[in-house]
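Observations on chain architecture
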Amino acid sequence: MPEPTPAADHPLVRVYRTAALVHRSDERLRGLLTSGELAAAYYSPRGQEIVAAAMAHSTLRTDDYLVTTYRGIHDQIAKGMPLDLLFAEIFGKATGTCKGKGGPMHVTHPDTGVMVTTGIVGSGLPIAVGLATASQMRGEDRVTVVCFGDGASNIGAFHEALNLASLWKLPVVFLCQNNRYAEATAYANGTSVGHIADRAAGYGMPGVTVDGNDPEAALSAFTQAVLRARAGEGPTLVEAETYRFMGHYFGDPGSYMDRAEFDAALAADPVPALRATLLSRGLADEDQLSALEAQIADEVDRAIAFATESPYPGADELRLDVYREEVPA
Ligand SMILES: Cc1ncc(C[n+]2csc(CCOP(=O)(O)OP(=O)(O)O)c2C)c(N)n1
Ligand SMILES: [Mg+2]
């Protein structure tokens, strides 16, 4: 652990710690997939680390709800999901958040507010509206954040969800992570507006476009949206502009991506950029960051060892957790 200093509690240092944890986790998972030690469907969030970290540090609480997608480990880790349980679920092990029966695309962990992870594009938004309706009916001040991609904003469920959330002033933050691609479709080839946030006006809610790779801008935009939701003033559509550094799925070479745009995005990689900012502003020194990164690497290794050594679920689990009552064999 780095020596505690006044700066260790600085919001940018906290965002960096979370982003670096996501970065390391993603790097190790891709390594295990490459070596064949892990066989799983995997959608890397590489490039989108700062968005998730800023979301988590924007006055969001553990008991606030999160709904995310198949490209979701950055959101889940940032929300505080224990790494060992997350990795065990990705590995399909009995110790995972869903006993290994959800797998990487259906990670759920209510203890940290991760209520749904879904592989059906756009389907998280109405679920978030349902969760927020429940909070409103119960008189709780809990906020629901739903993360989705630019492509998801072209799905009908997006529009229905925004309409109802605005009509009922629901405590939702619609967080669109605009990484410029939906599978192999570049933004301009699939989306009718210059900014996803422009669509908020059609539903009578604030819409904000922010540089999702700028931690201060993202923290500020997300915090305003969370506070507005918690105060009962209704939903906000926040579009965080970012970039997808990998192909759509693990193994996709992404040969359809614009090279010049890709190279420019990679040159502005937000994780080392934030690291450099911490150093230049004197919020941390090289020794402290190296110690922090060593601690993160160790934490990730321990979680991977836990997942690797855990057993697969037994056959007796097959019919459990499927229906409300167990179906006899
Ligand atoms: C309803 C539905 N239609 C199509 C698909 C196939 N599909 C999987 S991911 C994806 C692209 C989604 O893009 P975006 O919302 O931008 O998210 P990203 O993958 O960039 O994070 C599509 C079309 C799906 N899973 N669900
Ligand atoms: Mg996308």
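Further up the page is the structure itself.
Basis of the calculations
Residues numbered from 1 in each chain as written. Chains lettered and ligands numbered in written order. Predicted model: local features only at pLDDT ≥ 70, side-chain atom pairs only at ≥ 80, totals over all residues. Heavy atoms only, no water. Phe/Tyr/Trp six-rings, centres within 6.5 Å; stacked < 30°, edge-to-face > 60°. Helix = DSSP H or I, 4+ residues; strand = E, 2+ residues; numbered from the N terminus. Lys NZ or Arg CZ within 6 Å of the ring centre and 35° of its normal. Disulfide = S-S within 2.5 Å. Buried < 20%, exposed > 50% of the residue type's maximum accessible area, 1.4 Å probe, protein only. Near = heavy atom within 4 Å. Polar contact = N/O pair within 3.5 Å; in protein donor to acceptor, adjacent residues only side chain to side chain. Areas by Shrake-Rupley, 256 points an atom, 1.4 Å probe, with all protein chains shown as cover. Donors = N, O, S within 2.8 Å, 3.2 Å for Na, K, Ca; no water.

This model, assessed by the stated rule, comprises 6 aromatic pairs. Seen in terms of ring centroids, Y181 and Y243 are 6.4 Å apart; in terms of plane orientation they differ by 90°. Their pairing is edge-to-face. Taken together, the residues Y181 in strand β5 (residues 181-182) and Y243 in the loop between β8 (236-241) and α9 (259-267) connect sequence positions 62 residues apart. Note that K93 overlies the ring of Y312, its terminal NZ or CZ placed 4.7 Å from the centroid. Here R259 stacks its cationic end above the ring of F262, 4.8 Å away from the centre of that ring.

Under the counting rule described, the total for this entry stands at 0 disulfides. This cysteine, C147, is not joined by any disulfide, and C176 carries the nearest cysteine sulfur, 9.7 Å off. Taking relative accessible area as the criterion, C147 reaches 4% and is therefore assigned buried. Looking at C176, the relative accessible area reads 0%, which means it is buried.

With that settled, consider the site of ligand 1. Ligand 1 sits among 14 residues. The nearest are Y70, R71, G119, G151 and Y181. Separating an oxygen atom of ligand 1 from a side-chain N or O atom of R71 is a distance of 2.9 Å. Within the backbone of A152, a nitrogen or oxygen atom sits 2.9 Å from an oxygen atom of ligand 1. In the complex, 73% of the free accessible area of ligand 1, which totals 590 Å², lies under the protein chains.

Another aspect to go through is the coordination of the magnesium ion (ligand 2). Protein-derived coordination of the magnesium ion (ligand 2) comes from D150 (OD), N179 (OD1) and Y181 (O), at a distance range of 2.0 to 2.2 Å. Written as a sequence motif, the donor arrangement for the magnesium ion (ligand 2) is D-x28-N-x1-Y. Linking D150 in the loop between β3 (144-149) and α6 (156-167) with N179 in the loop between β4 (172-178) and β5, this pair joins segments that are 29 residues apart in sequence. Like D150, the residue N179 is buried in the burial classification.

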